[in-house]
2 protein chains.
Amino acid sequence: MVKIVDHDERRRAIAGAAIALIADVGIEHATLRPIAEKAGVTTGAIAHYFKDKDAVLEAALQMVGARLFALSTNGAEGSKGRPLKYVDILPTNDVSRMAWKVWLAFCGHASYSVRLREIYKRFYTDIETAVAAELKITDRARARDVAATIIAAVDGVGLCATVLPDMWPPERQVARLTELLKPIFSSAETSPK
Amino acid sequence: MVKIVDHDERRRAIAGAAIALIADVGIEHATLRPIAEKAGVTTGAIAHYFKDKDAVLEAALQMVGARLFALSTNGAEGSKGRPLKYVDILPTNDVSRMAWKVWLAFCGHASYSVRLREIYKRFYTDIETAVAAELKITDRARARDVAATIIAAVDGVGLCATVLPDMWPPERQVARLTELLKPIFSSAETSPK
């Protein structure tokens with residue numbers, strides 16, 4: 001039992017090091033040696049926990065996606081009183097900004113890697129399912145579509161704000177996303193079950 | 001006069017080669033030598049037309065951005081009868097898909113490059129101004145904000161569809177973007193001048 005916990009912790013530490021490295025220098029420079037250095041382990045140790053570099057990137061993508069998604073499901077600080085909890089995912093502070101930067105680096109690379117695209121697809125499917133399940137819409141196909149609309153809105157504002165932080169300060173991010181999502185939620189809640 | 005035209009054409013050919021190369025192998029592999037090979041010129045010739053590699057990337061980013069934006073302003077084929085012309089920008093065919101792929105690669109890299117971010121910012125500012133000018137809103141600050149909302153919606157759907165083309169087929173892209181933009185345009189058109 002203790003060994004399993006250690007194993008998971010070590011995997012998380014390595015994935016976390018990969019995220020920090022990608023945020024610093026970009027995904028193409030996040031190779032095994034600097035990831036190992038950042039995690040304080042040997043490359044041999046990484047090989048023990050992960051099949052290859054892609055497996056490390058997979059764990060990093062899942063961790064950064066889970067972090068972003070947790071910001072909405074757990075309700076981050078300051079979310080009280082906001083009409084739409086999805087604004088909590090936006091890159092409005094240093095922690096979420098780093099997560100978005102890494103997330104966007106993955107998006108930019110997914111077009112070039114079948115493996116990365118598969119990882120991304122599994123993750124996206126989970127998110128779409130989770131967002132759909134929270135909607136008051138019983139038609140499942142319709143709920144999936146509305147979930148996709150919500151995800152696109154969050155991604156769009158997050159993309160603009162990550163690339164152009166000074167043109168998209170936090171207040172503008174929240175206002176623009178609210179402008180996009182309010183009509184969606186209004187109509188979703190009043191739509192026939 | 002003839003020389004000026006040739007100069008511009010040569011610059012465009014080199015920028016076009018950079019775009020094709022980025023689409024093929026990714027932005028980090030789009031270095032001067034393969035760009036020159038793809039354009040059928042020497043690296044010395046590139047040096048004659050561009051100060052450095054960043055200047056080539058700048059021209060490529062501007063070209064790909066202009067191509068995407070032209071899809072909405074010129075009105076691509078099939079746009080007739082559609083309620084919102086911005087759907088024409090979406091990655092619904094091979095040409096626009098390639099442009100989005102390259103655009104997204106730039107977005108993923110802009111966080112790591114001050115220079116790329118400055119280029120991106122100039123381009124984004126032009127787009128926001130152009131979109132704002134087309135809205136029936138006389139309050140300029142409000143028009144800029146609504147334009148930002150529209151751009152975020154297009155970017156979000158385009159991002160999802162570029163990374164996950166099989167989960168975001170053209171019909172879904174159009175439906176999701178329409179769902180996001182219809183309320184924006186309805187309220188923009190009825191809002192007090």
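Residues numbered from 1 in each chain as written. Chains lettered and ligands numbered in written order. Predicted model: local features only at pLDDT ≥ 70, side-chain atom pairs only at ≥ 80, totals over all residues.

1. Considerations on the interface of chain B and chain A
On the chain A side, the residues contacting the 37 residues of chain B number 37 residues. In terms of residue count, helix H7 (residues 140-163) of chain B provides more of the side of chain B that touches chain A than any other element does, 13 residues in total. In the side of chain B that touches chain A, the residues fall into 21 nonpolar, seven polar and nine charged. (Contact = placed C-beta atoms within 7 Å. Helix = DSSP H or I, 4+ residues; strand = E, 2+ residues; numbered from the N terminus. Nonpolar A, V, L, I, M, F, W, Y, C, P; charged D, E, K, R; others polar.)

2. Notes on the relation of the copies chain B and chain A
Laying chain B over chain A is done by rotating through 180° and shifting 0.0 Å along the axis; what remains is an RMSD of 0.0 Å. What the superposition gives is, in effect, a two-fold axis relating one chain to the other. Relative to the rotation axis, the closest C-alpha in chain B is found at B:Gly156, a distance of 1.7 Å. Same-surface contact between copies: 100% of interface residues of chain B are shared with the interface of chain A. (Least-squares fit on C-alpha atoms with pLDDT ≥ 70 in both.)

3. A word on the packing of helix H6 (residues 114-134) of chain B against H7(B)
Residues and elements named next belong to chain B. Direction vectors running N to C along H6 and H7 enclose 110°, while the axes themselves pass 8 Å from each other. Taken together, H6 and H7 sit at an angle that is classed as roughly perpendicular. As for how H6 packs across H7, the hand of that crossing is right-handed. Where H6 abuts H7, its residues Ile-127, Glu-128, Val-131 and Ala-132 lie against Ala-143, Arg-144, Ala-147, Ala-148, Ile-150 and Ile-151. Among the residues forming the contact of H6 with H7, the class breakdown is eight nonpolar, no polar and two charged. (Axes fitted to C-alpha atoms, helices over the stretch in contact; angles between N-to-C directions. Parallel < 35°, antiparallel > 145°, perpendicular 65-115°, else oblique. Left-handed = near helix turned anticlockwise from the far one by under 90°.)

4. Details of the confidence of the model for chain A
The predicted coordinates should not be examined in detail at positions where pLDDT is low. Residue and element names in this part refer to chain A. When pLDDT is averaged across chain A, the result is 86; 89% of the residues are at 70 or more. Within chain A, the element-level pLDDT minimum falls on helix H4 (residues 53-75), averaging 82, and the maximum on helix H7 (residues 140-163), averaging 96. Across residues 76-82, confidence stays below pLDDT 50; counting only partners more than four residues off in sequence or on other chains, it has five contacts. Confidence metrics for the complex model read pTM 0.88 and ipTM 0.87. (pLDDT = per-residue confidence, 0-100.)

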